[in-house]
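# Close look at the chain arrangement
Here are the chains, one letter per residue:
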Amino acid sequence: MVDLDSDATRSSFRCGTPGYTSGLAEPCVAILLSTYNGERFLGEQLSSYTVQKHANWLLYWRDDGSTDATKAMMNNFAEAAGVGRCIRVSEGGRLRVTGSFLALLRLALRGPASFFAFSDQDDVWLPDKLAHGVAELTMLPADKPALQFCARVLVDATLRPIGCAAVPRRPPGFPAALTQNVIPGCCMILNRAAAELIDAVAAPDGTWHDWWSYIVVSASDGLIIASATPDILYRQHEHNLVGEPRGFWHRAAGAVQRGRDPFMTLLRRHVAALRGRSHPLPNQSYAVLTIIDRACRGGPLARLRALCIPGFYRQKWLESLIFRLWFLLG
């Protein structure tokens, strides 16, 4: 195991380091794993990395204060994986989910990876997950920000299938990204250009790492690539931090239960963070953000104008209706 505490250590490893073997013709993927009291399911997720058909990966992991056997399990896995294969990120303190994943991304960008994949601790990746994502992303120019995501099989705690979450019906993109996150982080793979964009913009308080990644890439005219192939067993259990809402009415009821104020507060924060970024946005995205920002500060007419922006909707009609009502109320 490598402990990522110094610049010297961070610059000392490369994909293909002795201790593990992978075809150097394959681009390197940084798997980003944040753990917290995950001993119950962690072993199955770690095992699923080892059977990936795309074998050239490095695991960056960070524990966010576990009190169970999680850290011991990670240390054992790192030792078995071979020298240089697993890099422990030890930024101190409790960062919680978003802070922990973005810290992993920041430090992984100092390494050799071309692609970056967020990983939850309780899922299971199917063997083609990395291979499919890398194959789609490598067809694009390296300087074009891109985010690929796969479909997912919903399973219960014992990995028994209970459904399948298909790709969104309406194409994901901007400004729809401001209204709803439709891409779980565990399904995402980013190219380096997208990862660098995300790292360059400070995430606002209250956001999620996956939602923020989707917003930043789509607002920057990056490509959002949806794969209809299920490449992950997305485990649903009683301790899911977010999980998958079951069915149309469950999602709508969940939105109503969460309420207008938290949603509108986060929308305003997302808009402010994008408008305040140091790297300029494309003109079209900035114009859209300006209209939405004025609407959030203005009256009903300004809000009605913003609701006429093409693509400013949620995936389902009832969810969109609730969103529009909340937005009109401010």
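Thresholds applied
Residues numbered from 1 in each chain as written. Predicted model: local features only at pLDDT ≥ 70, side-chain atom pairs only at ≥ 80, totals over all residues. Heavy atoms only, no water. Helix = DSSP H or I, 4+ residues; strand = E, 2+ residues; numbered from the N terminus. Buried < 20%, exposed > 50% of the residue type's maximum accessible area, 1.4 Å probe, protein only. Areas by Shrake-Rupley, 256 points an atom, 1.4 Å probe, with all protein chains shown as cover. Polar contact = N/O pair within 3.5 Å; in protein donor to acceptor, adjacent residues only side chain to side chain. Contact = heavy atoms within 4.5 Å. pLDDT = per-residue confidence, 0-100. Core = buried A, V, L, I, M, F, W, Y, C linked by side-chain atoms within 4.5 Å. Pairing = 2+ DSSP bridges. 1 Å grid on protein atoms, 1.4 Å probe; cavity = no way out; pocket = protein on both sides within 12 Å on 5 of 7 lines; lining within 4 Å. Points joined across faces, edges and corners; volume = space filled by probe spheres on them. Nonpolar A, V, L, I, M, F, W, Y, C, P; charged D, E, K, R; others polar.

A few words on the overall build of the protein. Helices and strands together make up the secondary structure of the protein, namely 12 helices and 10 strands. For the protein, the proportion of its 330 residues judged to be buried stands at 54%. Looking at the protein as shown, the accessible area adds up to about 14400 Å², and 56% of this sits on carbon and sulfur atoms.

Moving on to the side chain of Thr 35. If you trace the backbone, Thr 35 turns up in strand 2 (residues 29-35). Assessed through its relative accessible area of 1%, Thr 35 is described here as buried. In terms of polar contacts, Thr 35 uses its side chain to reach the side chain of Asp 63, at 2.7 Å. Setting aside its immediate chain neighbours within four residues, Thr 35 contacts Leu 42, Trp 61, Arg 62, Asp 63, Asp 64, Ser 66, Thr 70, Met 74 and Gln 121.

Take the confidence of the model for the protein next. With 86% of its residues at a pLDDT of at least 70, the protein reaches an overall mean of 88. This model gives residues 1-23 a pLDDT under 50, and the stretch forms 57 contacts once residues within four places in sequence are excluded.

Moving on, we come to the side chain of Asp 156. Here Asp 156 shows up in the loop between strand 7 (146-155) and strand 8 (161-165). Every residue in contact with Asp 156, bar those within four places of it in the chain, is listed here: Ile 162, Arg 235 and Gln 236.

In terms of nonpolar packing, the biggest core is built from 91 residues, with Leu 59, Phe 116, Leu 274, Ile 292 and Phe 327 touching the most fellow members. Every residue in contact with Phe 116, bar those within four places of it in the chain, is listed here: Ala 30, Leu 32, Leu 105, Ala 108, Leu 109, Met 188, Ile 189, Leu 190, Asn 191, Arg 192 and Ala 195.

Take helix 6 (residues 192-200) next. Considered for burial, the residues of helix 6 that qualify are Ala 193, Ala 194, Ala 195, Leu 197 and Ile 198. Contacts made by the buried residues of helix 6 are with helix 4 (96-108), strand 5 (115-119), strand 7, strand 9 (188-191) and helix 7 (209-219).

Here strand 7 lies mainly inside the structure; 10 of its 10 residues are buried. In this structure, strand 7 lies alongside strand 10 (residues 223-235), joined through 8 bridges in parallel fashion. The residue of strand 10 that forms the bridge with Leu 147 is Ile 224. Two strands pair when backbone bridges link them, and strand 7 and strand 8 are joined in this way by 4 bridges, in the antiparallel orientation. Paired with Leu 154 across the bridge in strand 8 is Gly 163. Between strand 7 and strand 8, which follow one another and run antiparallel, lie 5 residues, and Leu 159 among them has a positive phi close to 70°.

So, on to empty space enclosed by the protein. Under the criterion given, the structure shown has 1 cavity of 30 Å³ or more. Of the volumes computed, that of the largest cavity is approximately 40 Å³. Taken together, the residues that form the lining of the largest cavity break down as 4 nonpolar, 3 polar and 1 charged.

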